[in-house]
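Letter by letter, the chains look like this.
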Amino acid sequence: MSHGDLSCEVEQDNSCAQLAGKLKYRAFDVGRIAGRSRDDLRAQFAAICDLIDSGGMVRHGIVMLGYHNNVFKGDVLLVDGEIIGEWVSDDEEWCHFTANDASEITCSAPSPWMLHDAITAWVESCSNSKQV
């Protein structure tokens, strides 16, 4: 499947009866999706493409809305559609992410690109703490 520079390579997930899709932007891996059928993967891929077409950015399995349409704020979600928080750029152009159910800013960075990296590190740290 492909849509502009975004593509999805379908492969069998040997650990279970699901199919896996490797999302790529040009040659770069940007995430993975999973589903029971090719139709499930097509639907997920189409939803991600719609988010990207409306100004979102996908990297590291995370989509930041409002990234490429000069809004510079929006929801942050995993490629499976789960909303994990929101981000905003302030008057000094610093970007801040607040996780769902958080009362304070979770992480900040001097650009949306660097904030995307910081959110990725936060998601990974949350995943690692749940595995312990």
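Definitions and limits used
Residues numbered from 1 in each chain as written. Predicted model: local features only at pLDDT ≥ 70, side-chain atom pairs only at ≥ 80, totals over all residues. Heavy atoms only, no water. Pairing = 2+ DSSP bridges. Helix = DSSP H or I, 4+ residues; strand = E, 2+ residues; numbered from the N terminus. Contact = heavy atoms within 4.5 Å. Axes fitted to C-alpha atoms, helices over the stretch in contact; angles between N-to-C directions. Buried < 20%, exposed > 50% of the residue type's maximum accessible area, 1.4 Å probe, protein only. Salt bridge = Lys/Arg side-chain N within 4 Å of Asp/Glu carboxyl O. Polar contact = N/O pair within 3.5 Å; in protein donor to acceptor, adjacent residues only side chain to side chain. Expected span 1.5 Å × (residues − 1). Arc of directions from axis to C-beta.

1. Things to note about the sheet that holds strand S2 (residues 6-12)
Strand pairing within a sheet occurs via backbone hydrogen bonds; the two strands may be parallel or antiparallel. Overall, antiparallel pairing links the four strands, which are arranged S1-S2-S3-S4 in an open sheet. Of all strands in the sheet, those bounded by a partner on one side alone are strand S1 (2-3) and strand S4 (28-35). In this sheet, S4 lies alongside strand S3 (residues 19-25) in antiparallel orientation, the contact comprising seven bridges. Bridge pairing in S4 links Leu 19 to Gly 35. Sheet strands in contact with helix H1 (residues 38-53) are S1, S2, S3 and S4, and its direction is about 135 degrees off that of S4.

2. A few points about unusual backbone geometry
One non-glycine residue with positive phi stands out, namely His 60, at about 55 degrees. Counting through the fold element by element, His 60 comes out in the loop between strand S5 (57-59) and strand S6 (62-64). Non-glycine residue Glu 93 carries a positive phi angle of around 70 degrees. Tracing the backbone shows Glu 93 in the loop between strand S8 (83-89) and strand S9 (95-99). The exposed category is assigned to Glu 93, whose relative accessible area is 58%.

3. A word on the pairing of S8
Alignment of strand S7 (residues 73-78) against S8, held across five bridges, turns out to be antiparallel. Counterpart to Leu 77 in the pairing with S8 is Ile 83. The loop that links S7 with its antiparallel partner S8 comprises four residues; one of these, Gly 81, has a positive phi angle of about 100 degrees. Strand direction decides the pairing type here: S8 and S9, joined by five bridges, are antiparallel. Within S9, the position partnered with Gly 85 by the bridge is Ala 99. In sequence, S8 turns back onto S9 through a hairpin of five residues, with Glu 93 there showing a positive phi of about 70 degrees.

4. What to know about the pattern of salt bridges
A side chain with one charge may pair with a side chain of the opposite charge, provided their charged atoms come close. The full count for this structure, using the stated rule, is five salt bridges. The partner of Lys 24 in a salt bridge is Glu 9, and the shortest N-O contact between them spans 3.6 Å. Taken together, the residues Lys 24 in strand S3 and Glu 9 in strand S2 connect sequence positions 15 residues apart. Salt-bridge contacts for Asp 39 lead to Arg 42; the nearest nitrogen and oxygen are separated by 2.9 Å.

5. Quick notes on the side chain of His 96
Note that His 96 resides in strand S9. One polar contact links His 96 to Ser 108, side chain to side chain, over a distance of 2.6 Å. Every residue in contact with His 96, bar those within four places of it in the chain, is listed here: Glu 86, Trp 87, Val 88, Asp 90, Ile 105, Cys 107, Ser 108 and Leu 115.

6. Points about H1
A rise of 1.5 Å per residue sets the reference length of H1, with its 16 residues, at 22 Å; its end C-alpha atoms lie 22 Å apart and thus fit the reference within 8%. Within the span of H1, buried status applies to Leu 41, Gln 44, Phe 45, Ile 48 and Cys 49. The arc enclosing the buried residues of H1, seen along the axis, measures out at 140 degrees, which places them on a common side. Residues Asp 39, Asp 50 and Asp 53 are exposed on H1 and point more than 90 degrees away from its buried face. Buried-residue contacts for H1 involve S1, S2, S3 and S4. Two residues or fewer past H1, Gly 55 is found with a positive phi of approximately 110 degrees.

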